[in-house]
Amino acid sequence: MEEQNKSEWNLILPILILVSFLFVVLRMNPDSIGFDIRFSSFLIVAVPLVVFPAILIIGQVCKGKDLWKHQLKEGGIVALAALAITLALTIWLIVEFFAHHAHFGEPEEIFTWITFDLLVEGNALTESALSFGIWIDSVSLTVLFVATFLCFLICWFAIGYMTTDSINEDRNHRFFAEFLLFSMGMFGMVLADSFLWLFIFWEIMGLCSYLLIGFYWEKPSAAAAAKKAFLTTRVGDVFLMVGLFMLYDLYHSLEFAVIFGDPTLGGAVHGADLQWPLFFMFIGCVGKSAQFPLNEWLLEAMTGPTAVSALIHAATMVKAGVFLVARLGPLFFALGAAGIMADQFFEIIAWVGAITALLLATQGMVNPEIKKVLAYSTGSQIGYMMMALGVAGLSSQYVDGYTAGFFHLISHAMFKASLFMAAGSLLHVVGSRFMTDMGGLRKKMRKTYAFMWAAGLALMGAPFITTGFWSKDAIFAAVYESGSEWALPIFIIAILTAVITAFYTTRMMGMVFFGKNSKHVEKMESEGHHIHEAPKSMWIPYGILALLTIGIGIVGLSAEEGIHHLFGEYLEHSFGIHSEHYSGEVSVLPGFLSGLNPIALGSSLIAFATGFGLGYIFYIGRWVDPEKFIKSNIFFYALHKLILNRWYLNAFVYWGFVTAPLWAARALWRYFEQTAIDKGMNVGLERAVGWGAKVVQGSQTGVAQSYLYVFGAGILFVVLILLI
Amino acid sequence: MIELTSTPIMLMVILGVAGMAIPVINVIRKERGSSTFYGAIAFAALIISIGFVMYQFYSESIAPAAIFSADVLVDDSFGSFFAIAMLIVSIITVVGSFNYMRNRANPGIYFSLILLSTIGMVLIAFSTDLVMLFVGWELMSIPTYILAGFNKKNPISNEAAIKYFLFGALSSAIIIYGISLAYGITGSTNIGDVIQGFATLDADMLPIGLLAVGMLIAGFGFKMGLVPFHMWLPDTYEGSPPPITALLAAGTKKAGFAAALRIIILGTVALNLDWTLALGVIAIMTMTVGNIAAIMQKNLARMLAYSSIGHAGYILIGISIAPFSGLGLQASLFHILNHAVMKGAAFIAVAGIVTALAVTHLDKLKGLGRKMPITALGLVISLLALAGVPPLNGFWSKLMLFGAAIDAGSSLWWAPWLAVAGVLNSALSLAYYGWIIRKMYFEGETEKRIKEPASIIAVMIFSIIFMVTIGVYPEPIIKFAEMASPTLTGVVMP
Amino acid sequence: MIEPSWIAGLGAFLFCIGLVGVFTRKNAIIVLMCIEIMLNAVNLNFVAGAAHYENIDGWVYTSIAIAIAAAEVAVGLAIFLALYSQRGTISLDEVTLLKH
């Protein structure tokens with residue numbers, strides 16, 4: 001019964017906090033309190049920043065105390081409250097945005113960090129300041145809303161998940177503190193008004209990713225995975241930094257107001273100049289979003305707690321790369337529209353996205369662990385987003401691809417987070433992360449089963465009722481209509497990936513919920529641990545998300561129209577990118593679908609059917625045994641092995657980044673360092689400095705007279721210099 | 001006539017009353033008071049003073065840095081900047097001395113002398129008259145002569161005091177001689193009048209004017225620790241009681257810079273001399289000598305003394321390019337404040353180590369990181385800040401100094417070399433700082449933790465917070481330094 | 001009539017004597033005396049200035065300088081006393097514990 005009570009608290013408390021805060025915020029009259037946009041957006045970043053060290057310190061001090069442990073769930077409730085506040089503020093911001101459009105798109109400076117007066121030629125002083133400001137427009141609000149909403153829900157889930165697992169006892173405060181720090185990083189990155197601050201928060205997120213993946217630091221696999229994640233994204237970040245330097249060199253500022261305000265800087269900057277900086281920055285995005293070829297880390301990051309995987313590696317951090325591309329894309333496109341750009345930037349983005357989508361989807365087909373399947377799926381879907389954003393630049397209608405990418409970002413965040421949290425429940429209940437250890441769970445875990453189907457259908461792009469369908473369809477349409485020479489190959493890859501996506505999703509559902517109970521489950525049952533539904537505090541968050549995906553799916557078309565309109569306006573306002581609206585074309589489709597591209601629509605339906613059908617055959621209906629199928633044909637067998645080993649990409653990367661440099665370093669050490677540096681510089685420099693020191697020290701004889709002599713010599717010296 | 005409630009007068013009153021009262025109380029109690037009692041009185045007086053300065057500052061009643069004034073003292077932001085710096089140093093010294101003076105003789109006199117010396121430092125910062133400056137200078141120095149030799153029974157302390165005294169007396173004589181020459185030439189000792197007098201000098205009086213300025217540079221250079229006037233510094237810093245070394249290194253040295261800023265620059269500018277090159281050369285020599293000599297040191301206090309010489313060189317970089325770069329002067333002021341806290345903290349850490357373990361030889365510092373964790377942490381952070389490691393405050397001031405030097409390269413061909421020398425010397429300084437850090441943390445077996453005195457802990461925590469906070473958000477101090485720096489750009493020679 | 005410049009010249013002469021004395025003498029008290037000579041030279045300068053400009057400032061400065069010099073000497077002698085009681089010598093050649 002106590003368990004029940006605690007679970008009730010878990011439910012009621014966050015809802016109460018959210019509702020009351022929302023109530024207060026929306027009722028407030030902004031003018032009277034001075035609670036303006038600046039302040040509230042500042043709070044969104046400041047609240048987690050202040051709360052996370054508090055949790056850390058209090059957790060350390062109050063470890064094990066009852067109030068902290070049970071009532072506050074070791075800081076979980078505190079974190080949840082902070083995130084509820086940020087969510088409420090975001091909602092308020094959105095309301096304000098729709099009410100007063102005019103304020104937005106302008107930077108609001110929060111405070112000045114450093115001001116340097118730099119002397120430029122001719123004794124003129126120019127002030128250059130590094131200041132932190134807020135930049136809010138539709139892009140940032142969209143991503144901010146996704147981020148705050150998901151952070152809130154996943155924190156809710158995490159409270160239940162982390163505190164009911166005994167190996168986490170007494171260290172959850174670290175988890176929640178790092179969770180909050182990460183949230184702050186995400187919110188700050190989205191709201192930043194200059195590339196500098198974007199980068200700073202980007203790095204904070206990378207740090208938290210490292211900390212959270214390696215949360216179970218006593219497991220060597222976790223520590224290694226954390227290191228790998230950090231280092232791989234670091235490679236991307238180095239390129240990002242170089243890109244930022246180059247950008248600064250061009251614009252002499254990293255602020256959005258300067259760069260977006262006049263991208264050509266009055267004719268000084270050409271599209272060709274921007275190519276390399278933006279390309280390097282894109283490599284940073286590749287790293288962060290686990291695109292090919294920096295995709296290996298995402299997989300191994302699954303050793304962290306599932307809540308972490310849900311938050312960081314499905315919903316927010318990996319979207320950061322997409323966010324940056326979304327920020328950069330219009331810039332480049334605007335320059336292009338002015339007649340001075342090259343297509344290659346967008347082609348690269350589109351191809352990287354396409355390759356990643358296909359590559360990772362294939363790997364998801366064969367993996368036996370549920371979280372890894374979802375991880376591959378994430379990478380693959382982000383590939384779709386990149387594809388969309390890239391293709392947007394290749395077509396004349398920039399806004400189509402842009403909208404598609406963003407819509408998919410939103411919907412993917414929701415259903416993927418839902419899937420991950422559900423997977424967390426499964427892990428929690430079954431105690432194993434292998435799908436082969438599960439099976440036949442649909443009778444016992446009805447709610448999870450239902451929600452996973454909802455989210456899974458969204459992932460597959462089940463027609464008309466899930467948001468996944470509309471967003472994927474939008475991407476297909478954008479690709480098809482881009483009119484670029486690469487459109488057709490990318491389109492084919494996209495369709496193929498959709499087939500595989502549907503397949504592996506169905507496979508996942510089949511392996512987990514259908515069929516007989518696995519041996520593992522039977523063993524558990526015999527020992528008395530019964531399979532049961534997850535506690536309320538765990539299934540409610542992903543239930544909400546799953547229902548949302550269906551809900552948005554039902555109004556999908558108008559949602560898409562709305563987003564289309566919103567971004568069209570944004571691009572127009574900020575970059576002068578025009579979008580034309582379809583003007584009364586006759587469409588082959590029935591009335592309410594008339595805005596869609598028929599080929600895209602047809603292809604997505606076919607893809608869904610094919611994939612689902614294949615999956616059903618193998619895993620749900622179990623008409624064909626997958627094992628036998630693989631072994632039946634040497635081609636399939638080889639392919640399976642290749643894919644299972646992740647296309648040997650990992651080995652390749654390891655060789656390139658670890659083995660080869662180590663070998664080179666050793667050679668260098670032996671032939672260069674030991675001789676030239678060690679003998680030459682170290683010994684030589686040491687002797688020189690030692691000699692110098694002896695000379696100087698020797699002058700300090702201890703005899704006061706000699707000191708005074710030197711003093712006198714000094715006076716003479718000074719006077720002489722002045723005379724000359 | 002300067003107001004009675006202005007900063008310098010009020011500070012003089014507060015500190016003077018406390019400083020005079022302590023010996024009286026001492027006599028009344030027949031020398032039975034403990035160091036904590038007298039220290040508390042001194043601490044209270046200092047806190048009131050710094051509160052007063054802060055209050056003046058926040059109530060916006062401080063004028064920007066003034067150069068000319070008809071009065072003897074002027075209440076401007078330059079003075080307030082230095083007053084705050086000096087008061088912080090004095091507070092650090094006083095708090096650090098609570099424990100040091102616990103079992104030693106004459107604690108009352110000790111604290112009283114610190115207070116009186118502080119008055120002198122403050123007066124130097126606020127003065128606009130040469131003789132007032134000199135009076136402040138002497139008021140600052142004479143108590144420190146006594147304080148340097150406070151351990152009467154320790155021959156090393158005696159020797160430190162005598163060397164310091166002889167040098168100090170000599171340079172005082174030289175300063176006052178320079179002042180008298182300036183008076184003789186221009187007929188007044190008000191700084192503004194002196195500058196104007198120098199500007200309209202007869203040609204045959206010029207050598208005497210030069211001589212006057214040269215004397216002043218030599219005299220102030222002694223306190224600042226510039227090469228070649230630095231010879232006394234290592235011995236004195238090594239031999240004095242460590243809290244007093246903190247006062248000397250962080251307080252009196254900065255007062256020397258304050259005096260120099262008020263006088264030398266303006267005087268020599270008016271005399272149309274190419275003194276920037278001279279100061280630049282001195283700066284490079286100072287940095288180099290300081291850092292090279294520090295490398296082979298085995299005594300912690302001596303090593304820090306040489307490091308102080310090096311840092312005086314860095315500060316001088318900014319001053320030497322001052323007519324061409326307002327940023328340089330700002331950076332120097334910023335570094336003055338930073339260095340005051342960093343070095344003060346370092347020497348108070350040494351005080352703690354000396355009191356607890358009675359060792360200053362580097363080899364005996366092994367394992368200090370575990371024996372006295374907070375003191376070691378304070379020492380490490382102050383060393384890293386001195387080396388200029390971000391995100392500590394030393395990084396920002398060094399960045400500004402070197403940046404200003406490079407920027408001034410457009411007007412002065414040799415200015416970037418200052419930056420080069422500065423950077424190389426900073427790298428060199430990391431060598432010996434790193435040595436200390438290694439000895440403290442990475443060598444020695446795990447030692448048992450000993451109880452660190454509360455006053456030392458307090459100073460360490462304060463300085464760590466200061467250094468890290470300013471390191472992360474230096475903007476307020478930079479703005480303060482900007483307000484405090486007298487505008488010299490525009491007063492350039494033809 | 002004695003020109004002020006002569007007084008100043010005498011002051012300069014005394015200053016140099018004092019300076020040389022400071023550099024060359026071994027006995028700490030003698031060094032202190034030489035410093036006093038220098039300070040007296042300064043006083044002469046101030047007097048010369050006062051005579052030249054015919055205002056009272058110079059005399060005021062002279063008084064100040066004398067007072068400060070006296071204070072300094074008092075302190076210095078106290079330090080010498082402490083040194084002597086510890087080391088038994090005030091010869092600067094032998095006070096060399098701190099070096100390098």
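Placed above this text is the structure.
Position labels on residues start from 1 in each chain and follow its written sequence. Chain A is the first chain written and ligand 1 is the first ligand written, with later ones labelled in order. For a predicted model such as this one, the threshold for reporting local features is a pLDDT of at least 70, and the threshold for listing and counting side-chain atom pairs is 80 or more; totals across whole chains, interfaces and linings nevertheless cover every residue. Values shown for side chains rest on all heavy atoms present in the structure; no hydrogens or waters enter the calculation.

### Things to note about the overall build of chain B
Here is step 1: Looking only at helices and strands, chain B has 19 helices and zero strands in total.
Here is step 2: Both definitions apply: the radius of gyration is a C-alpha atom measure, and the globule rule equals 2.2 Å times residues to the power 0.38. For 494 residues, the compact-globule formula gives about 23 Å, and the C-alpha radius of gyration of chain B, at 21 Å, lands near that figure.
Here is step 3: When the backbone C-alpha atoms are referred to their principal axes, chain B occupies close to 70 × 55 × 45 Å.
Here is step 4: What makes two residues a contact is simply this: any of their non-hydrogen atoms within 4.5 Å. Counting contacts in chain B only where the partners sit at least 6 residues apart, residues at least 24 apart contribute 81% of the total.
Here is step 5: Accessibility throughout is a Shrake-Rupley quantity obtained with a 1.4 Å probe, and a residue counts as covered only by protein chains that appear here. In the form shown here, chain B has an accessible surface area of approximately 14,500 Å², with 69% of it arising from carbon and sulfur atoms.
Here is step 6: For the purpose of charge, His is not counted, nor are the chain termini; Lys and Arg are scored as positive and Asp and Glu as negative. All charge positions are set by atom: Lys at NZ, Arg at CZ, Asp at CG, Glu at CD. Across chain B, the centroid of the 26 positively charged side chains sits 19 Å from that of the 23 negatively charged ones. Put simply, DSSP marks the helices as runs of H or I at least four residues long and the strands as runs of E at least two long, and each gets a number from the N terminus on.

### Details of the nonpolar core
Here is a general trend for soluble globular proteins: nonpolar side chains tend to be buried in one another's company.
Here is step 1: Formed by 232 residues in total, the largest nonpolar core has its most connected members in Phe 82 and Leu 170 of chain B.
Here is step 2: Apart from the residues within four sequence positions on either side, Leu 170 of chain B is in contact with Leu 708 and Phe 711 of chain A together with Leu 19, Val 22, Phe 23, Ile 35 and Met 38 of chain C.
Here is step 3: Leu 247, Met 460, Ala 462 and Ile 620 of chain A belong to the second-largest nonpolar core, a separate cluster that totals 191 residues. Nine residue types can take part in a nonpolar core, namely buried Ala, Val, Leu, Ile, Met, Phe, Trp, Tyr and Cys, and a core is a set of them joined through side-chain atoms within 4.5 Å. When a residue's accessible area, from a 1.4 Å probe over protein chains only, is under 20% of the maximum for its type it is buried; when over 50% it is exposed; and in between it is partly exposed.

### With respect to the interface of chain B and chain A
Here is step 1: Taken together, the contact pairs 51 residues of chain B with 32 residues of chain A.
Here is step 2: Buried area: the accessible surface (1.4 Å probe) lost by two parts on joining, summed over both. Across the chain B/chain A interface, buried area totals approximately 3,600 Å², and carbon plus sulfur atoms make up 74% of it.
Here is step 3: Ranking the residues of chain B by area buried against chain A places Phe 167, Met 231 and Met 296 of chain B at the top, with a combined share of 15%.
Here is step 4: For this analysis, a salt bridge means a side-chain nitrogen from Lys or Arg found within 4 Å of a carboxyl oxygen belonging to Asp or Glu. Inspection of the chain B/chain A interface yields zero salt bridges.
Here is step 5: Any N or O atom pair separated by 3.5 Å or less is treated as a polar contact, with the protein-specific requirement of one donor-capable and one acceptor-capable atom, and with residues adjacent in sequence counted only for side-chain atom pairs. Between chain B and chain A we count zero residue pairs in polar contact (both at pLDDT 80 or more) in total.
Here is step 6: For the side of chain B that touches chain A, the secondary structure elements donating two or more residues are helix H6 (155–186), helix H8 (206–224), helix H9 (232–239), helix H11 (275–295), helix H12 (300–320), helix H13 (326–357), helix H16 (393–407) and helix H19 (475–484) of chain B.
Here is step 7: In terms of residue count, H11 of chain B provides more of the side of chain B that touches chain A than any other element does, nine residues in total.
Here is step 8: The class makeup of the residues in the side of chain B that touches chain A is 36 nonpolar, seven polar and eight charged. Three residue categories are used. Nonpolar comprises Ala, Val, Leu, Ile, Met, Phe, Trp, Tyr, Cys and Pro, charged comprises Asp, Glu, Lys and Arg, and polar comprises the others, including Gly.

### Looking at the environment of Ala 405 of chain B
Residues and elements named next belong to chain B.
Here is step 1: On the secondary structure map, Ala 405 appears in helix H16.
Here is step 2: Given a relative accessible area of 0%, Ala 405 falls into the buried group.
Here is step 3: Sequence-wise, Ala 405 and Leu 327 are 78 residues apart; in three dimensions their C-alpha atoms are separated by 9.0 Å.
Here is step 4: For Ala 405, the residues in contact, after removing those within four places along its chain, are Ile 317, Ile 321, Ala 415, Pro 416, Leu 418 and Ala 419.

### Describing the interface of chain B and chain C
The parts lose accessible area when they come together, and the size of an interface is often stated as this lost area.
Here is step 1: Each side of the interface is counted separately: chain B has 43 residues, and chain C has 41 residues.
Here is step 2: In total, chain B and chain C occlude about 3,400 Å² of area from one another, counting both sides; carbon and sulfur atoms represent 75% of this.
Here is step 3: Linking chain B with chain C are one salt bridge, by the criterion used here.
Here is step 4: Between Arg 87 of chain C and Glu 159 of chain B there is a salt bridge, with its nearest N and O atoms 3.8 Å apart.

### Topic: the side chain of Lys 371 of chain A
All names here are of chain A.
Here is step 1: With respect to the helices and strands, Lys 371 occurs in helix H16 (residues 370–394).
Here is step 2: Although Lys 371 is buried, it makes no salt bridge; Glu 369 carries the closest opposite charge, 7.8 Å away.
Here is step 3: Within the structure, Lys 371 has its side chain in polar contact with the backbone oxygen of Met 302 (distance 2.9 Å).
Here is step 4: Aside from chain neighbours lying at most four places away, what touches Lys 371 is Met 302, Gly 304, Pro 305, Thr 306, Ser 309, Phe 420 and Leu 427.

### Considerations on unusual backbone geometry
All names here are of chain B.
Here is step 1: Residue Pro 228 is reached from Val 227 by a cis peptide bond, and omega for that bond is 0 degrees.
Here is step 2: The topology assignment puts Pro 228 in the loop between H8 and H9.
Here is step 3: Between Pro 390 and the following residue, Pro 391, the backbone shows a cis peptide bond with an omega angle of -5 degrees.
Here is step 4: Take Pro 391: it is sitting in the loop between helix H15 (373–387) and H16.

### Some remarks on empty space enclosed by the protein
Residues and elements named next belong to chain B.
Here is step 1: A cavity here means a set of points on a 1 Å grid, drawn over the protein atoms and nothing else, where a 1.4 Å probe fits but cannot get out; a pocket is an open set with protein on both sides within 12 Å along at least five of seven lines, and a residue lines either one if it has an atom within 4 Å of a point. Grid points are joined across faces, edges and corners, and a volume is the space filled by probe spheres set on the points. With the rule as written, the count across this model stands at seven cavities of 30 Å³ or more.
Here is step 2: Estimates place the volume of the largest cavity at around 80 Å³.
Here is step 3: What lines the largest cavity is a set of 11 residues, among which Leu 130, Val 194, Phe 198, Leu 216 and Ile 263 lie closest to the centre.
Here is step 4: Going through the elements one at a time, helix H7 (191–199), H8 and helix H10 (242–270) are the ones with two or more residues in the lining of the largest cavity.
Here is step 5: Taken together, the residues of the lining of the largest cavity break down into 10 nonpolar, one polar and no charged.

### What to know about the packing of aromatic side chains
All names here are of chain B.
Here is step 1: Note on aromatic pairs: the rings of Phe, Tyr and Trp (six-membered ring only in Trp) are paired at centre separations within 6.5 Å, and the planes decide the class, stacked below 30 degrees, edge-to-face beyond 60, tilted for the rest. Scanning the model with the defined rule gives 49 aromatic pairs over all chains in all.
Here is step 2: Between Phe 395 and Trp 396 the ring centres are 5.2 Å apart and the planes differ by 65 degrees, which places this aromatic pair in the edge-to-face class.
Here is step 3: For Trp 396, a relative accessible area of 9% corresponds to the buried category.
Here is step 4: Only lysine NZ and arginine CZ atoms are considered, and such an atom sits over a ring when it is within 6 Å of the ring centre and within 35 degrees of the ring normal. Between Arg 104 and the ring centre of Tyr 100, over which it is positioned, the NZ or CZ distance is 3.9 Å.

### Regarding the side chain of Ser 172 of chain B
Residues and elements named next belong to chain B.
Here is step 1: Position of Ser 172 relative to the elements: it lies in helix H6.
Here is step 2: Since its relative accessible area comes to 1%, Ser 172 is described here as buried.
Here is step 3: Among the polar contacts made by the side chain of Ser 172, one reaches the side chain of Glu 138 at a distance of 2.4 Å.

### Some details on the pattern of salt bridges
Here is step 1: Applying the stated rule across the entire model yields 11 salt bridges over all chains.
Here is step 2: In the salt-bridge network here, residues are joined through shared partners; they are Glu 159, Lys 163, Asp 235, Glu 238 and Arg 302 of chain B together with Arg 87 of chain C.

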